[in-house]
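Next come the chains, spelled out residue by residue.
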Amino acid sequence: LYTVSYIGKHAFASSGVEEVKCSTLTFLGDRAFEKMPALHRAEINIAEIPPYAFHRSKSLVTGVFPMTKKVGKHAFAGCGMLCSCDLSPEIHLEEYAFYHSGLNFIRLVRPTFSGIGHFELCNALEEIIFGPSPVTIPIRFCHGCSSLTYITTEHAAAPGARAIVNDEVGSLSLEATEAR
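Draft legend 1. Expanded view of the overall build of the protein chain. Along the backbone of the protein chain there are 0 helices and 15 strands. Counting only residues that meet the buried cut, the protein chain has 43% of its 180 residues in that class. Of the contacts made within the protein chain by residues no fewer than 6 positions apart, 11% connect residues no fewer than 24 positions apart. Accessible surface, the protein chain: about 9100 Å² in total, of which carbon and sulfur atoms supply 54%.

Right, dumping it as structure tokens:
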């Protein structure tokens, strides 16, 4: 039995690996799991997911990263089957982190952002759930997210309050509704 603590750049890119599970990793190189046609699940305990780490891994359905504090640019861009991604409550997303991915919803408890387009063209994205902390939404955050319907807050002053996205009039209205 061996302990894996370091995975270098392009280490498994374009390989046939179907599942990755690693609890001892301390370093993950850029593009380590890029363009993996068979990868459907990744569960990794690591502080940072580097740029392009899973870029265009089109079969990736589930990502579990409970210790991750930072997601690099384009890390999950083009992961069209990605439905769910569990991240640490204290998360920093770099530009285009989930660009054109298949996320249905995402929960961001205390997020910070750099760059633009974090969820741009995520056409399956229906709901974003924010935690109680104030958040500043950057430019092009969800640009082109045609299915986005709810932006829900877990703020104590308005628990379950939802911003209803209305594409017909291009508006965002906040109203108290029952949370899912």
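Continuing now.
Draft legend 2. Representation of unusual backbone geometry in the model. Even without glycine at this site, Arg 31 takes up a positive phi of about 60 degrees. With respect to the secondary-structure elements, Arg 31 resides in the loop between strand S3 (27-28) and strand S4 (41-44). One non-glycine residue, Leu 121, lies in the positive phi region at around 60 degrees. Topologically, Leu 121 is positioned in the loop between strand S11 (112-113) and strand S12 (127-130).

Draft legend 3. Layout of the side chain of Ser 88. Locating Ser 88 in the fold gives a position in the loop between strand S8 (84-87) and strand S9 (92-93). With relative accessibility at 5%, the residue Ser 88 sits in the buried group. The contact partners of Ser 88, leaving out residues within four places of it in the chain, are Phe 65, Pro 66, Met 67, Thr 68 and Lys 69.

Draft legend 4. Representation of the pattern of salt bridges in the model. All told, the structure shown has 6 salt bridges when counted by the stated rule. Members of the salt-bridge network, linked through shared partners, are Glu 48, Lys 70 and Glu 94.

Draft legend 5. Region of interest: the sheet that holds S9. Taken in spatial order, the 4 strands make up an open sheet running S5-S7-S9-S11, and their pairing is parallel. Bordering the open sheet on either side are strand S5 (48-49) and S11, each of which pairs with just one other strand. Relative to S11, S9 runs parallel, the two being bridged by 2 bridges. Residue Leu 93 lies in a different strand from S11, and its bridge partner there is Phe 113.

Draft legend 6. Up close: the packing of aromatic side chains. In the structure shown here, the tally under the stated rule is 12 aromatic pairs. Between Phe 65 and Phe 76 the ring centres are 5.6 Å apart and the planes differ by 55 degrees, which places this aromatic pair in the tilted class. In this pair, Phe 65 sits in strand S6 (residues 62-65) while Phe 76 sits in the loop between strand S7 (70-71) and S8, placing the two residues 11 residues apart along the sequence. Judged by its relative accessible area of 0%, Phe 76 is buried. A cation over an aromatic ring shows up here: Arg 31 above the ring of Tyr 52, its NZ or CZ 4.0 Å from the ring centre.

Draft legend 7. Inspection of the environment of Ile 7 at higher detail. The topology assignment puts Ile 7 in strand S1 (residues 6-7). Residues Ile 7 and Leu 28 lie 21 residues apart in sequence; the distance between their C-alpha atoms is 4.9 Å. Residue contacts for Ile 7: discarding those within four places in its chain leaves Phe 12, Leu 25, Phe 27, Leu 28, Gly 29, Ala 32 and Phe 33.

Draft legend 8. Quick peek at the state of the cysteines. Per the stated rule, a full pass over the model turns up 0 disulfides. Considering cysteine sulfurs only, Cys 142 is the nearest to Cys 145, which forms no disulfide, with 4.3 Å between them.

Scoring rules and cut-offs
- Residues numbered from 1 in each chain as written.
- Predicted model: local features only at pLDDT ≥ 70, side-chain atom pairs only at ≥ 80, totals over all residues.
- Heavy atoms only, no water.
- Helix = DSSP H or I, 4+ residues; strand = E, 2+ residues; numbered from the N terminus.
- Buried < 20%, exposed > 50% of the residue type's maximum accessible area, 1.4 Å probe, protein only.
- Contact = heavy atoms within 4.5 Å.
- Areas by Shrake-Rupley, 256 points an atom, 1.4 Å probe, with all protein chains shown as cover.
- Salt bridge = Lys/Arg side-chain N within 4 Å of Asp/Glu carboxyl O.
- Pairing = 2+ DSSP bridges.
- Phe/Tyr/Trp six-rings, centres within 6.5 Å; stacked < 30°, edge-to-face > 60°.
- Lys NZ or Arg CZ within 6 Å of the ring centre and 35° of its normal.
- Disulfide = S-S within 2.5 Å.

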